[in-house]
Amino acid sequence: MNISVVGSGYVGLITAAGFAEKGHNVVCVDVVSSKVDSINRGKPLIYEEGLDEILRAVVGRNLSASMDLHAAVLASDITFICVGTPSRPNGSIELKYIKESARQVGLALGEKKGFHIVVVKSTVIPGTTDNVIKPILEKASGRKAGVGFGLAMNPEFLREGFAVEDFRKPDRIIVGASDSKSMGVLERLYAGFPTGLLATDLKTAEMIKYASNAFLATKISFINEVGNVCKSIGVDTYKVAEGMGLDKRITPHFLRAGIGFGGSCFPKDVKSLVYRAKELGIKPRILKAVLDVNHTQPRRFIELARKKAGSLKGRRVAVLGLAFKGGTDDIRESPAVAIVHELLKEKANVVAYDPKAAGNARDVFGDRIVYAASSADCLRGADIALIVTEWEEFRKLDFSGMKRRIVVDGKRMLDIANLAKDVDYEGICW
Ligand code: UDX
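Criteria and cut-off values
Residues numbered from 1 in each chain as written. Predicted model: local features only at pLDDT ≥ 70, side-chain atom pairs only at ≥ 80, totals over all residues. Heavy atoms only, no water. Near = heavy atom within 4 Å. Polar contact = N/O pair within 3.5 Å; in protein donor to acceptor, adjacent residues only side chain to side chain. Areas by Shrake-Rupley, 256 points an atom, 1.4 Å probe, with all protein chains shown as cover. Helix = DSSP H or I, 4+ residues; strand = E, 2+ residues; numbered from the N terminus. Nonpolar A, V, L, I, M, F, W, Y, C, P; charged D, E, K, R; others polar. Domains from an automatic or database assignment. Pairing = 2+ DSSP bridges. Axes fitted to C-alpha atoms, helices over the stretch in contact; angles between N-to-C directions. Contact = heavy atoms within 4.5 Å. Left-handed = near helix turned anticlockwise from the far one by under 90°. Buried < 20%, exposed > 50% of the residue type's maximum accessible area, 1.4 Å probe, protein only. Salt bridge = Lys/Arg side-chain N within 4 Å of Asp/Glu carboxyl O. 1 Å grid on protein atoms, 1.4 Å probe; cavity = no way out; pocket = protein on both sides within 12 Å on 5 of 7 lines; lining within 4 Å. Points joined across faces, edges and corners; volume = space filled by probe spheres on them. Phe/Tyr/Trp six-rings, centres within 6.5 Å; stacked < 30°, edge-to-face > 60°.

1. Describing the site of the ligand
Okay, step 1: Not every one of the 20 residues close to the ligand is listed here, only the nearest: Glu160, Arg256, Phe324, Lys325 and Glu390.
Okay, step 2: Interatomic distance of 3.3 Å between a side-chain N/O atom of Glu156 and an oxygen atom of the ligand.
Okay, step 3: One of the backbone N or O atoms of Phe324 is found 2.8 Å from an oxygen atom in the ligand.
Okay, step 4: Taking 660 Å² as the accessible area of the ligand by itself, protein coverage stands at 93%.
Okay, step 5: Here the element with the most residues in the shell around the ligand is helix α9 (residues 202-232); it accounts for 3 residues.
Okay, step 6: Taken together, the residues of the shell around the ligand sort by class into 9 nonpolar, 3 polar and 8 charged.
Okay, step 7: Summarising the domain contributions, the shell around the ligand has at least three residues from each of domain 1 (2-200) and domain 2 (233-430).

Dropping the structure here:
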């Protein structure tokens, strides 16, 4: 098929590359020229395992990037809208980018002969595709959804760091469609995937995405709250989680207690759902508690560091990790970043190391912190070490170069039983 993808960020670029790898002709569109140029050189601006190899194989063959949305829609049969839907300060979802994209797609639709299908892949609050995006497309194209063009909603479930794998082998493919013709085309598009497709209506597909992310975030805040209790009664949360995970209804996944969740999805999606529930006059008690627990974990972590090292003012604090999780360069809503902000407020001397995210962190902290080139450099001469991102290389850290060997772990990375005797170690929930 001929596919256009509007928005070439984490979701759009993986979607474009993934379909191109399947042999489709794909044009991915972006408003940022450096992104377009980088993709056309086969060099992604994001770090995702396996993405480089795919781009090397498809760029110049059946994948190209462009700033011309109009032409891309005219030259394709199906358009995926993958633009960002960030949080507004009040927690509600910002739709301005997807509204403008829909308007431009609609204008191109108005010039097309065949039955073009528009697929919303951006994460939008239930009801958005039907009540916001559809009217914009109809107005701009002068056509009726389901008749003059097709409309569908196909949420993504890509985990950063595993996005290529998750696209190739998704746990599920959810498609909401306004009409049977659109559903049929998407069923054919996804026929080559190793996963069945669950067909729903538009807002059910939107809700499956939100409910899934909100549930996963709930699971994390749950184990963090249980972890805080376990720690205060001298129980190892990770042993508790191991026991819980043996129950096939619970599973061991997403029971890793620590400094809380970050990323561009969980915080934003839970906040949007809270906001929408309130608009509907429903008290989102559980979801608010999920955010509340998540907001206080980094603060508990700093309190623990202060308890062990005394005042952090003027202390050399080694921060191991800046990304919101291991395997990515993304620092959006990263608890590690929140912790560095707290440390700077306390006038600590922060030396940070992250294998991939230091560049992004420099955009936030500039020269207010020192960026070490390795964990050893980061730890050298430090009064206290804080482990705040789950990079695999942090499982083996050598603390011998530290001035004082105080280690506070927010991600349970170390083999506690085999730590050197002179390391004063403690975890946030263990
Ligand atoms: C998430 C969802 O998993 C994915 O399906 C959705 O499409 C996008 O949002 P992502 O945000 O990339 O993916 O990361 P994920 O691996 O889910 O981790 C999210 C956050 O939770 C990270 O900060 C991670 O460190 C934290 N986490 C995860 C925990 O604190 N404990 C856990 O047990 C698991």
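2. Remarks on the sheet that holds strand β1 (residues 2-6)
Okay, step 1: What the 8 strands build is an open sheet, ordered β3-β2-β1-β4-β5-β6-β7-β8; its pairing is mixed. Sheet topology places β3 (63-66) and β8 (197-200) at the edges, where each strand pairs with a single neighbour. Each strand of the sheet is rotated relative to its neighbour by a mean of 25°, with strand direction disregarded.
Okay, step 2: Of the pairings in the sheet, the one linking β1 to strand β4 (residues 78-81) comprises 4 bridges and is parallel in character. Residue Ile3 lies in a different strand from β4, and its bridge partner there is Ile78.
Okay, step 3: Contacts from helix α1 (residues 10-21) reach β1, β2 (25-29), β3 and β4 within the one sheet, and its direction differs from that of β2 by about 170°.
Okay, step 4: With respect to the sheet, helix α5 (residues 96-109) is in contact with β1, β4 and β5 (117-120), its orientation differing from that of β4 by roughly 170°.

3. With respect to the packing of α5 against helix α6 (residues 128-141)
Okay, step 1: Contact pair α5 / α6: the axes reach a minimum separation of 7 Å and the direction vectors enclose 35°. At the point where α5 passes α6, the crossing takes the right-handed sense. For the pair formed by α5 and α6, the contact residues are Ile98, Lys99, Ala102, Arg103, Val105, Gly106, Leu107 and Leu109 on the first element and Val132, Ile133, Ile136, Leu137, Ala140 and Ser141 on the second.
Okay, step 2: Taken together, the residues of the contact of α5 with α6 break down into 10 nonpolar, 2 polar and 2 charged.

4. Some points on the side chain of Lys209
Okay, step 1: With respect to the element layout, Lys209 can be found in helix α9.
Okay, step 2: Residue class for Lys209 comes out buried when judged on its relative accessible area of 3%.
Okay, step 3: There is a polar contact of 2.8 Å between the side chain of Lys209 and the backbone oxygen of Glu156.
Okay, step 4: Those residues in contact with Lys209 that sit more than four places away from it in its chain are Thr123, Pro155, Glu156, Phe157 and Asp269.

5. Description of the domain arrangement of the chain
Okay, step 1: Domain annotation of the chain identifies domain 1 (2-200) and domain 2 (233-430).
Okay, step 2: The gap between the C-alpha centroids of domain 1 and domain 2 is 34 Å.
Okay, step 3: Counting from both sides, the interface comprises 16 residues of domain 1 and, opposite them, 16 residues of domain 2.
Okay, step 4: The tally of links between domain 1 and domain 2 comes to 1 salt bridge.
Okay, step 5: Residue Glu160 pairs with Arg332 through a salt bridge whose shortest N-O separation is 3.4 Å.
Okay, step 6: Where domain 1 packs against domain 2, one counts 6 residue pairs in polar contact (both at pLDDT 80 or more).
Okay, step 7: Residue composition of the side of domain 1 that touches domain 2, grouped by class: 7 nonpolar, 7 polar and 2 charged.

6. Some words on the environment of Met244
Okay, step 1: Assignment of secondary structure puts Met244 in helix α10 (residues 237-245).
Okay, step 2: A C-alpha to C-alpha distance of 8.8 Å links Met244 and Leu255, two positions 11 residues apart in sequence.
Okay, step 3: Contacts of Met244, omitting those with residues within four sequence positions, involve Phe222, Ile223, Ile250 and Leu255.

7. Digging into the sheet that holds strand β14 (residues 424-427)
Okay, step 1: The 6 strands lie next to each other as β11-β10-β9-β12-β13-β14, forming an open sheet whose pairing is parallel. On the outer flanks of this sheet lie β11 (370-371) and β14, each paired with one strand and no other.
Okay, step 2: The sheet contact formed by strand β9 (residues 316-320) and strand β12 (residues 384-387) spans 4 bridges and is parallel. Of the residues in β12, the one forming a bridge with Val319 is Leu386.

8. Let's talk about the layout of surface pockets
Okay, step 1: Roughly 1,200 Å³ of volume is contained in the second largest pocket.
Okay, step 2: Among the elements of the structure, α1, α2 (33-40), α5 and α11 (266-279) are those that each provide at least two residues to the lining of the second largest pocket.
Okay, step 3: Looking at the lining of the second largest pocket, its residues break down into 21 nonpolar, 13 polar and 13 charged.
Okay, step 4: If you count residues domain by domain, the lining of the second largest pocket takes at least three from each of domain 1 (2-200) and domain 2 (233-430).

9. Looking at the packing of aromatic side chains
Okay, step 1: Counted by the stated rule, this structure contains 10 aromatic pairs.
Okay, step 2: Here Tyr190 and Phe193 contribute two aromatic rings whose centre-to-centre distance is 5.2 Å and whose plane-to-plane angle is 65°, an arrangement assigned as edge-to-face.
Okay, step 3: A relative accessible area of 6% means that Tyr190 is categorised as buried.
Okay, step 4: With a centroid separation of 5.2 Å and an interplanar angle of 85°, the aromatic rings of Tyr238 and Trp430 are classed as edge-to-face. Remark: Trp430 occurs in the segment after β14 and Tyr238 occurs in helix α10; sequence separation between them is 192 residues.
Okay, step 5: Residue Tyr238 is classed as buried on the basis of its relative accessible area of 15%.

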